[in-house]
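Single-letter residue listing:
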Amino acid sequence: MILRTTLEHVFVSLGERISIRVPIGVSIRIPSRIIGCGGIALLSLFLAMLFACGSSESDSSDGGNQKQEQPPPDARPVFGLAMHFHRLFNGMGSTPPSFKYSLARDWDIQGIHLWEIWKSDGSLDFSLVDQVYSGHAGNGAKMIRVISGTPTWAARNPTEADPQYNVLGRRSGPEDLDAYEDMIFRFITHNKQYLWGVEGENEPFGCTTADKQFFSGSPTLLADMQKRLYLATKRVDENIVVISPAQSYTCGIQSLLAEAKTSQGEPISNFFDIFGFHLYNNSANVVGPIGRSYESSIDEIKTWLTAVGLSQMKMADTEHGWGNWEPSGAQFLALSDDDKAKVIYETTRVAKDKGLVMLGWFSYESDFIGTPMSNAKVSQGIENAFVDFASFGFGK
């Protein structure tokens, strides 16, 4: 018989009435003949004496009061509060924030989009990336890199119009997936010290064709790209998380889960650690309903994940705010600064309570969340949310 303990204490049963508390980390071998000879009482006495010394030492070290063991770091719930900063550390004039944050998601930072730094000779221009990433590292934050948008020279359809960024072919995806994977590998290798996660194409599926502002390729191409992103990332560092392409429209989420399969027929879900989405215009009901119920939308996404066998999949809302394309955007904008701060704080609470691993506010310079760069009350609401809910970041 071998006794091994892996928890704080284990109660070892030796018959109906005898049990012994065994301290953590102990492994002992008990000869079976002791039990076979009817020595249960002798065995219990032996074990009690064996652990008495260690038990009394630990008790005396804190004045006789048993200390509460903390769970190991990887057993604690992970929750990161993320922020988008479009003009901070890239020379465009944003002032540093007064609040702390766990993560910075680098989408839409002018000068470091993929199509701006991946050059036609295959090289990557890291000069501004290094400046931005090191700036956020100085604030105690890790980065989420969004791998989205293809430069014209590498595009599958280099003549396709781009009404949003005016970069021909940007939405069509890369022509050469081997070159694409190699580029990602080199990017992550260069920046691994800064990275918490890497995220796939931004908002690839819309509810209609007109909604496809960011990606126009097929579901198969999207899955093939995500696979290359995942493989390149894990070749560099298994600990960097990979986030799915994140949808802004909930109707596009079902399309992504059901239709996106690689050329080999593998579901896209094989190639991310966290399922990402953008639940704009969803709120905690703290000053009255503003847009959709955040709790209900998260529950709906959980239902869809469960339907495709992903009930245990981690989730992240990597962009959140209140946009003016819906009436709720105007509702949020009309709130007092105190109420905006309350909505941000309580919506963050819901995200954590519902099991999300991060929530990303969009953005520091935008009225989508009350323009925290110039709004002290909103900034304080974000700081309060970081202090009360985030599990990592400066001072955590």
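Model, not experiment: these values are computed from the prediction.

### Here we look at the overall build of the protein chain
Along the backbone of the protein chain there are 11 helices and 14 strands. Counting only residues that meet the buried cut, the protein chain has 50% of its 396 residues in that class. For the protein chain, restricting intrachain contacts to residue pairs at least 6 apart in sequence, the fraction spanning at least 24 positions comes to 69%. Approximately 18,100 Å² of the protein chain is accessible, and the part contributed by carbon and sulfur atoms is 52%.

### Observations concerning the packing of helix α8 (residues 294-307) against helix α10 (residues 337-353)
For the pair α8 and α10, the least separation of the axes is 10 Å and the interaxial angle reads 25 degrees. For the element pair α8 / α10, the angle class is roughly parallel. Where α8 crosses over α10, the two elements pack in a sense that is right-handed. Contacts between α8 and α10 involve Tyr294, Glu295 and Ile298 from the former and Thr347, Val350 and Ala351 from the latter. For the contact of α8 with α10, a count of residues per class yields 4 nonpolar, 1 polar and 1 charged.

### Notes on the side chain of histidine 84
Inspection of the secondary structure assignment puts histidine 84 in the loop between β5 (80-83) and β6 (103-105). For histidine 84, a relative accessible area of 0% gives the class buried. Side-chain polar atoms of histidine 84 contact the side chain of arginine 105, separated by 3.0 Å. Reaching out from histidine 84, the side chain makes a polar contact with the backbone oxygen of tryptophan 361 at a distance of 2.8 Å. The residues touching histidine 84, leaving out its near neighbours within four places in the chain, are Arg105, Trp107, Thr318, Glu319, Gly360, Trp361, Phe362, Ser363, Tyr364 and Glu365.

### Quick look at the pattern of salt bridges
For the coordinates displayed, the defined rule picks out 18 salt bridges. Across the salt bridge formed by glutamate 319 and arginine 105, the nearest N and O atoms sit 2.7 Å from each other. Separated by 214 residues along the polypeptide, glutamate 319 in strand β13 (residues 314-320) and arginine 105 in strand β6 bring together distant segments of the chain. Each member of the pair, glutamate 319 together with arginine 105, is buried.

### Considering the nonpolar core
Ranked by internal contacts, the top residues of the largest apolar core, which has 83 residues, are Tyr133, Phe275 and Ile301. When residues in this core are grouped by element, the largest group, 8 residues, is from helix α6 (residues 219-236). Discounting chain neighbours no more than four positions away, the residues touching phenylalanine 275 are Ser244, Ile253, Leu256, Leu257, Ile301, Leu305, Met313, Lys314, Met315 and Ala316.

### Section: α10
Taking 1.5 Å of rise per residue, 17 residues should cover 24 Å, and α10 covers 24 Å from first to last C-alpha, within 8% of that figure. Turning to α10, its buried residues number three or more, namely Lys340, Ala341, Val343, Ile344, Tyr345, Thr347, Thr348, Val350 and Ala351. Two residues or fewer past α10, glycine 355 is found with a positive phi of approximately 90 degrees.

### Focus: the environment of alanine 284
On the secondary structure map, alanine 284 appears in the loop between β11 (282-283) and β12 (292-293). Relative accessible area serves as the criterion here: at 5%, alanine 284 is assigned to the buried category. With 60 residues separating them along the chain, alanine 284 and isoleucine 344 place their C-alpha atoms 8.3 Å apart. Leave out the neighbours within four places in its chain, and alanine 284 touches Tyr294, Glu295, Glu346, Thr347 and Val350.

### Description of the environment of glycine 252
In this structure, glycine 252 sits in helix α7 (residues 250-259). Look at glycine 252 and you get buried, because its relative accessible area is 0%. Apart from residues no more than four positions distant in its own chain, glycine 252 is found in contact with Phe205 and Gln247.

What counts, and at which threshold
- Throughout, a residue's number is its position along its own chain's written sequence, starting from 1.
- Restriction of local features to residues with pLDDT of at least 70 applies here, the model being predicted, together with a cutoff of 80 or more for giving and counting side-chain atom pairs; totals for whole chains, interfaces and linings are based on all residues.
- Side-chain numbers come from the whole structure's heavy atoms, not from hydrogens or water.
- Helix and strand assignments follow DSSP, with helices taken as H or I runs no shorter than four residues and strands as E runs no shorter than two, numbered in order from the N terminus.
- Think of it in three bands: residues with accessible area under 20% of the maximum for their type are buried, residues over 50% are exposed, and the middle band is partly exposed, with areas taken using a 1.4 Å probe on protein chains only.
- We call two residues contacting when some pair of their heavy atoms lies within 4.5 Å.
- The Shrake-Rupley method, run with a 1.4 Å probe sphere, supplies the accessible areas, and residue values consider only the shown protein chains as cover.
- Only the stretch in contact is used when fitting a helix axis, every axis being a line fitted to C-alpha atoms; angles between N-to-C directions are given from 0 to 180 degrees.
- Note on angle classes: values under 35 degrees are labelled roughly parallel, values over 145 roughly antiparallel, values of 65 to 115 roughly perpendicular, and the remainder oblique.
- The handedness criterion is simple: a crossing whose near helix is rotated anticlockwise from the far helix by less than a right angle is left-handed, and one whose near helix is rotated clockwise is right-handed.
- All amino acids are sorted into three groups, where Ala, Val, Leu, Ile, Met, Phe, Trp, Tyr, Cys and Pro are nonpolar, Asp, Glu, Lys and Arg are charged, and the leftover types, Gly among them, are polar.
- Identification of polar contacts relies on pairs of N or O atoms within 3.5 Å, with a donor-acceptor requirement for protein atoms, meaning one able to donate a hydrogen and the other able to accept it, and with residues adjacent in sequence counted only if both atoms are side-chain atoms.
- Any carboxyl oxygen of Asp or Glu that lies within 4 Å of a side-chain nitrogen of Lys or Arg is treated as forming a salt bridge with it.
- Only buried residues count toward a nonpolar core. Its members are Ala, Val, Leu, Ile, Met, Phe, Trp, Tyr and Cys residues joined through side-chain atoms within 4.5 Å.
- Here a helix's expected span is defined as the number of its residues, less one, multiplied by 1.5 Å.

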